[in-house]
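Results of the structural survey
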Amino acid sequence: LDDDVTGQDLAGRSVVVSAGGTREPLDPVRFLGNRSSGRQGVALAHAAARRGATVTLVAANVDDALLPDHPAVDVRQVETTLELRDAVREAGSAADVVVMAAAVADFRPATTTTHKIKKTSSGPAPIELETNPDILAELAADRLRDGQVVVGFAAETGDETGDVLTHGRAKARRKGADLLAVNEVGVGRGFGDVPNEVTILDAEGSVVGRGSGSKDDVADAVWDAVAARLRAATT
Ligand code: CTP
Ligand code: CA
């Protein structure tokens, strides 16, 4: 994909993208984390820059080799959910769009010790957790800036209570984000470098876009939906 194909429909726009997975420390050497590589968020940042936007990429534990090297992308590295929230909100206060592509830890250890936790003869102590803030729901509720487009990502599987879209629709309504990109995960889908399948929902759960193929294709489908909303707001 190049500019001839996608155009510069985000020129003059400022966007924030979060990527990667947050880590919640237990002690100086251990953490609770997840396997998100950050590839989808990096692809989103790259695509936005290619389409003319100024981008802040808030990267949670993304491998240095994956981070974009583009003059329009400012990278801010964070580790924990609370750090990610601060960085997203700081950059988001001046942004036209915030995309939460990071895999955010739902819980964190209630306490973090300054010393390494030792093995004892009485066996392991339980790990007490507390709930992290829902950064996306907060952004949707607070609206850091008038007319800001707030976008979430959700990886879903079908189960006995409903299929992927049923779960996606419920999440879209619950979160209140303008757009929710619902990724169907399962065998051979959504992990590593394999093709993705994404359905983009609005806050009511209606389908407003689809993307399938590489993470770059998914990123462009998301920005297509965002650009349509930005255009609608200014006409
Ligand atoms: N998210 C967030 N803050 C959290 C958890 C999630 O901002 N504490 C964002 C993610 O970045 C993503 C979206 O919310 O854009 C959906 O994340 P997901 O984990 O699917 O949603 P949850 O509400 O945590 O629901 P679930 O019980 O399925 O994990
Ligand atoms: Ca979650």
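Residues numbered from 1 in each chain as written. Chains lettered and ligands numbered in written order. Predicted model: local features only at pLDDT ≥ 70, side-chain atom pairs only at ≥ 80, totals over all residues. Heavy atoms only, no water.

Digging into the site of ligand 1
This is how the line gets drawn: In this text, near means that some heavy atom of the residue lies within 4 Å of the molecule or strand in question. What qualifies as a polar contact is a pair of N or O atoms within 3.5 Å, subject to a donor-acceptor requirement within protein and to the restriction that residues adjacent in sequence count only when both atoms come from side chains. To measure how exposed things are, a 1.4 Å probe is used in the Shrake-Rupley method; for residues, cover is taken only from the protein chains shown. Strands are runs of DSSP state E lasting at least two residues, helices are runs of H or I lasting at least four, and both sets are numbered from the N terminus onward. Any residue outside Ala, Val, Leu, Ile, Met, Phe, Trp, Tyr, Cys, Pro, Asp, Glu, Lys and Arg is labelled polar, Gly included; the first ten of those are nonpolar and the last four are charged.
Taken together, 14 residues form the shell around ligand 1, and within it Met100, Ala102, Leu136, Lys171 and Lys175 come nearest. For ligand 1, an oxygen atom lies 2.8 Å from a polar atom in the backbone of Leu136. With respect to ligand 1, the side chain of Lys175 contributes an N or O atom lying 2.8 Å from an oxygen atom. For ligand 1, whose unbound accessible area comes to 570 Å², protein coverage reaches 76%. When residues of the shell around ligand 1 are traced back to their parent elements, those giving at least two are α4 (135–142), β9 (149–156) and α5 (164–175). Across the shell around ligand 1, the residue classes tally to eight nonpolar, one polar and five charged.

Some remarks on the layout of surface pockets
Basically, it comes down to this: Buriedness for pockets is judged along seven lines, at least five of which must meet protein on both sides within 12 Å for an open set on the 1 Å grid over protein atoms alone, while cavities are sets there where a 1.4 Å probe fits but cannot get out, and lining residues have an atom within 4 Å of a point. Grid points are joined across faces, edges and corners, and a volume is the space filled by probe spheres set on the points.
In this structure, the largest pocket spans a volume of roughly 1100 Å³. What lines the largest pocket is a set of 39 residues, and nearest its centre among them are Ala101, Ala102, Ala103, Val104 and Ala155. Breaking the lining of the largest pocket down by element, the ones donating at least two residues are β1 (14–20), α2 (39–50), α4, β9, α5 and β10 (179–184). Here the lining of the largest pocket gets four residues from one element, more than from any other, and that element is β9. Residues of the lining of the largest pocket, tallied by class, amount to 17 nonpolar, 14 polar and eight charged. Each pocket or cavity is described by its volume, and for the second largest pocket that value is around 450 Å³. Leu26, Ile117, Ala125, Pro126 and Ile127 are the residues nearest the centre of the second largest pocket, which is lined by 16 residues in total.

Regarding the UniProt feature "binding site: CTP" (unreviewed entry) in the protein
Basically, it comes down to this: UniProt positions are given in the numbering used here, feature names are shortened, and annotations may be inferred rather than shown by experiment. By definition in these notes, contact holds between two residues if any of their heavy atoms fall within 4.5 Å.
Feature annotation in UniProt places "binding site: CTP" (unreviewed entry) on Asp106, Lys116, Pro133, Asp134, Ile135, Leu136, Phe153, Lys171 and Lys175, given in this structure's numbering. An extended arrangement is adopted by the annotated residues: their sequence extent is 70 residues, and the largest C-alpha distance between any two is 38.0 Å. As for the largest pocket, its lining draws on Asp106, Pro133, Asp134, Ile135, Leu136, Phe153, Lys171 and Lys175 from among the annotated residues. Take Pro133: it is sitting in the loop between β8 (129–131) and α4. In this view, Pro133 contacts Thr81, Leu82, Arg85, Arg108 and Glu138; residues no more than four positions away in its chain are not counted. Those residues in contact with Ile135 that sit more than four places away from it in its chain are Thr81, Leu84, Arg85, Met100 and Val104.

With respect to the coordination of the calcium ion (ligand 2)
For the record, the criterion: In this listing, donors mean N, O and S atoms no farther than 2.8 Å from the metal, or 3.2 Å for Na, K and Ca; water is missing from the atoms, so a site can look incomplete.
Taken together, Asp106 (OD) and Asp106 (OD) make up the protein donors of the calcium ion (ligand 2), found 2.5 Å from the metal. Within the fold, Asp106 resides in the loop between β6 (97–100) and β7 (107–109).

Side note on the pattern of salt bridges
Test applied: Definition used for salt bridges: Asp or Glu carboxyl oxygen within 4 Å of a side-chain nitrogen of Lys or Arg. Think of it in three bands: residues with accessible area under 20% of the maximum for their type are buried, residues over 50% are exposed, and the middle band is partly exposed, with areas taken using a 1.4 Å probe on protein chains only.
Tallied over the entire structure, the rule returns 16 salt bridges. A salt bridge links Glu130 to Arg108, with the nearest nitrogen and oxygen atoms 2.9 Å apart. Separated by 22 residues along the polypeptide, Glu130 in strand β8 and Arg108 in strand β7 bring together distant segments of the chain. Residue classification places Glu130 among the partly exposed positions, given a relative accessible area of 32%. With relative accessibility at 18%, the residue Arg108 sits in the buried group.

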